[in-house]
Each structure stands twice: as C-alpha cells, then as structure tokens.
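# Structure at a glance
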Amino acid sequence: MTTPTPLQPRKGTAVRIRGLGKRYGARQVLQGVELDIAAGEFVAIVGRSGCGKSTLLRMLAGLESGTQGSIELNHQPLARDRVAEQGVRLMFQDARLLPWKPVGENVALGLSGPDVGARVQEALAAVGLAERIGDWPTALSGGQRQRVALARALVHRPRLLLLDEPLGALDALTRIEMHALIERLWREHGFTAVLVTHDVSEAVALADRVLLIEDHVVALDQPVSLARPRSRGNAAFAHLEGRVLQRVLQQPLPTELSIAAL
Amino acid sequence: MSQVPTEAPARWRHLQSLVPWLLPTLLLSVWELSARMGWLSTRVLPEPWAVLVAFWQLASSGELWEHIGVSTARALSGLAIGGGLGLLLGLLTGSLRWAEMLLDTTLQMVRNIPPLALIPLVILWFGIDESAKLFLVAVGVFFPIYLNTFHGIRSVDKGLIEMARSYGLSGWQLQRLVILPGALPSILVGLRFSLGLMWVLLIVAETISAQAGIGYMTMNAREFLQTDIVLVGILLYALLGKLADVLARTLERLALRWHPSHQSHNGAPA
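In this text the structure is predicted, and so the values were computed from the model without any measurement.

## Some details on the nonpolar core
With 76 residues, the main nonpolar core has A:Ala44, A:Ile45, A:Ala151, A:Leu162, A:Val194, A:Ala207 and A:Val210 as its most contacted residues. The element best represented in this core is helix H4 (residues 142-154) of chain A, accounting for 6 residues. No fewer than three residues from each of domain 1 (38-64 + 160-257) and domain 2 (96-157) of chain A sit in this core. Setting aside residues up to four positions removed in sequence, A:Val194 forms contacts with A:Ile37, A:Val43, A:Ile45, A:Leu57, A:Leu60, A:Leu162 and A:Leu163. Counting residues in hydrophobic clusters, the runner-up holds 31 residues, among them B:Leu136, B:Ala138, B:Phe143 and B:Leu195.

## Quick look at the sheet that holds strand E10 (residues 217-223) of chain A
Residues and elements named next belong to chain A. Strands sit in the order E6-E7-E8-E3-E9-E10 across an open sheet of 6 strands; the sheet is mixed. In this open sheet, the two edge strands, each paired with only one partner strand, are strand E6 (88-91) and E10. Across this sheet, the average inter-strand angle for adjacent strands is 20 degrees, counted without regard to direction. In this structure, strand E3 (residues 42-46) lies alongside strand E8 (residues 192-196), joined through 4 bridges in parallel fashion. Looking across to E8, one finds that Ala-44 is bridged to Leu-195. Those strands touched by helix H1 (residues 53-60) are E3, strand E7 (160-164), E8 and strand E9 (209-214), and its axis lies near 145 degrees from that of E8.

## Regarding the sheet that holds strand E5 (residues 76-77) of chain A
All names here are of chain A. Read from one edge to the other, the open sheet built from 4 strands follows the order E2-E1-E4-E5, with strand pairing classed as antiparallel. Edge positions in the open sheet fall to strand E2 (27-37) and E5, since each of these has one partner strand only. As judged from the 2 bridges shared by strand E4 (residues 68-73) and E5, these two strands associate in the antiparallel manner. Bridging from a neighbouring strand, Glu-72 pairs with Pro-77 of E5. In this fold H1 packs onto strand E1 (15-24), E2 and E4, with an angle of close to 60 degrees to the strand it touches most, E2.

Cut-offs applied
- Residues numbered from 1 in each chain as written.
- Chains lettered and ligands numbered in written order.
- Predicted model: local features only at pLDDT ≥ 70, side-chain atom pairs only at ≥ 80, totals over all residues.
- Core = buried A, V, L, I, M, F, W, Y, C linked by C-beta atoms within 7 Å.
- Buried ≥ 20, exposed ≤ 12 C-beta atoms within 10 Å, placed from the backbone.
- Helix = DSSP H or I, 4+ residues; strand = E, 2+ residues; numbered from the N terminus.
- Domains from an automatic or database assignment.
- Contact = placed C-beta atoms within 7 Å.
- Pairing = 2+ DSSP bridges.
- Axes fitted to C-alpha atoms, helices over the stretch in contact; angles between N-to-C directions.

Printed below as a string of structure tokens:
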C-alpha cells in the first residue's frame, strides 16, 4: 500500500487569472483580478454578499464570460462551451438534481462508456449513499442531496472542482460532516478545489489559502498552514479565523446598512 | 357475534361508501317506474331496461362495435394529427426564440376562434367528407397541446438547464434528459384537455353527416324515433370520454412517478 503524499505531483488543474474584469451594465463587479492557483491546491474565497465571489466562480465554470482579462487552465485558455471537457465541475448552492431521475441516473448524467454502472456505484459509495442508488431525489434530505451532487461531480474525476456555497443551506452538524467528506475526497482525488463561502470558519477549516474579494479585487491572500485534519478548538485555528474575520469586517459597511444597524 | 366496539364504526364506514350511489339508484327507479306506469312516453324517454335491451341487441349484432370502431378511429386520427402538430410546434416555439417570434402571435390569434365556428367553412372546403371530421377534431385538440407544451418548456427550471450544460450536455441530449421530462407534466395536462375536446368535436362532426359512427347511429335512430338507441349513443359518448380520461390519468401516474404529488397519492390508502 502506498500512502498519498501531498508532495507528489497532483492530478489537479493549475489556474491562472490575469486582469479579469466583469461588469453588469453600469455596475463593475470585478476589475483587474490577478490570481494563480497551483495544481491540487484548495482555495477558499470569502467576502461580503455581492462582492463578486460567486461571479468569479461562475466565470471559472464557463457559465459567464468576463468583460476583460483571461483565464487559463493548465496554460490553455478556458473555452466557455467546453469547460466540461477541460475537467471542470461545479457544485451549486442547491443540489440541482433532476427530480425525474433516480439518484443513480443523476450521478450518471453526462457519463458514457462501458463502466458507467461501476463508476456510479463507486462515487455513491464514496459519499456514503450507495444504498440510495434507486431512490428518487425527493426522498432525500438536503444534506443527502448535496452528497449526491458531490458524487455527480466526482464521478467525472474532475481536475478542478468549483464549490459555490454548497453547504449554505445545511444545518451546522451536517456541514461539519460534509467538511470532513469534502476534505477526504480532495486528498484522495488530488483535484484543485475552489470553494466560495460566506463562512470564514469553513474557509479556514478546509483551505490552503483564504482569499478575500473586496473592491473588485483580491484584497487578502492568507495562507493557512495548519496541519490537517484541523480541529476548530485549536488556538491557532481560532487565531487565524479571528484575523480573517476581522479583515473581512474592517471594510466599512455601506452607508444605508450602517444606519440600519444603529 | 360478540359486540366489539370497533365494529360499529366499520359498519358505518361501509354504509357511507354506499351514500353516493343513493341518488342515482333512486333516479333510475323513479325513471323505470314512471315509464312502466305510462307517465312517461317512450318517445320522450324509454325505460332504462329498454335502453339496456337496445344496447344488448346492437352489441350482439356487431353493429355497435362497428360504430364504436369508426368513431374511435376518427377521434384518434384527429388527435394524432392535431396533437402531433401541436406538440411539434410547441417544442419549436418553446425552444427557439425565432420560432416563437415567427409563429406565436399568429397562433394566439387563431386560438381565439372556436373550432365549431369553422364548421360552415369546413363544409365548403372538405364537403361532408371524412376529412372534414378529422380537420375539426385536429384543430380542436391542437391548441391545448400546443399551449401547454410551449408553457411547459418555458417553465423548465433554468437552474437544471444550467447544471446540465455545465456537465457537458447539449443539443438532443439536453432536450431528452432535461427539457422534455421537465415539460412533461404540463404536456400531459394539455393532453387531458385535448381528450375532452376531442369527443365534443367528434360528436358535433358526426351529427352533421356521417355514414357510420356513434353520431350516425344516434341521428339515424332519431329519424325512426328510436329513443332507446339515441340514449345508447349518448351513454356511449359518456363512457368513451370517461375511458379516455382514465387512460390519460394512468399515463400521468406512470410518467410522473417521480413527482411528489404522485408519490403521496401512491402512499395514501385508496
């Protein structure tokens, strides 16, 4: 048996973003974003609501095009209509399972080849839902649906997994379980992971680097060098979480909000 | 038998299930009685028994089955033509913006013409031929299916389409796996509306003129004052309409097993 070493070259995609900007009508969301993500790295993006963190992720997923700038995946320009072939998979805020397909067929979506059945089995087993393969999605709990969505992403053996606040709607205990699951699968598969979250504690628990998006750019790039698996009770963890949170809050609130807060 | 307290409510429930049939039974008995006593002329309304006898005679001579066969074939061909066209155009205008721009306004205008208002024109165009009947049925069933298909496709969850695209699905695969199943509940509602309209239009078309079919049988019987056969015809339309509805419901239940509303139906005691 070989033990996976984090030093060996990973199967992840390296991401390179240069001068990326996005504008919706008159509103500039992102401008001049510069970002490098190493292959196999786990990056978390935090920021206030509406700061553009989800927009950045959707551009990485090819769902939206940038107004300026470029995105390269492993030195190839991102092709918006072929991101699936470039090994990019996205997990949405809601599970987005097809309600008219049983769990197994949802996981098999877009998959072809002779070994589809075995791969679906394997992916569902990895998220602990092997026995629910024939159930309708409506029969699952919210957490189970997100686990099926995770299996659906993993079955394609992605090289870049994008997570758009996938745990936002789950209860606290389920979230902690999902953190452990996502971390374990990331270590096993070696993909590059980009997680967008509003939960700083979640970001510090999972990521190698925490990025803050503020005023259209990456305003903070905080490495997290805590040993894995990380425990939240740990003093170093709490210190780092506090620091990032303080930095997020440092930005003064928009005027109408600060008046409302008083 | 011992007097168990739970027995009484059980017997009461049994009686309760008979209550809906009380009124029809009463009406039938009054009807039969008044016909036998001569209060009701057979020309106005023959006794229920005579209707049954007429039904039996028509059935055993084979005449009945021939008429039912002809009418059903007409109804189904009309449905196939009008419904098929409605489905096709609905899919087209639902999925392609330019097709909607080109066709939808026109179709919405034509939709406001009641199909029965077309009868004089239809007779001028097709005479009193078979094609006239098919045309009327086809026009009538076209719109419910067209409108519900269009609406169904437009109301498919955009999030699911986005997800499927980002998982590499496009073209026919996207249609087959995501858009069509998403539109199916709405399409089936359209089908049920169409089935109701189909019989109404067929009745009218067959009473205008026909050489066979339930409408022909009834109009013919009217000529000879055979009120019992007229009633057989009317009851046949009721039965066929009900049958079509039951079939559509079964189709819905089979095709929409995944739908929460159907799952709760399955779980509930009948």
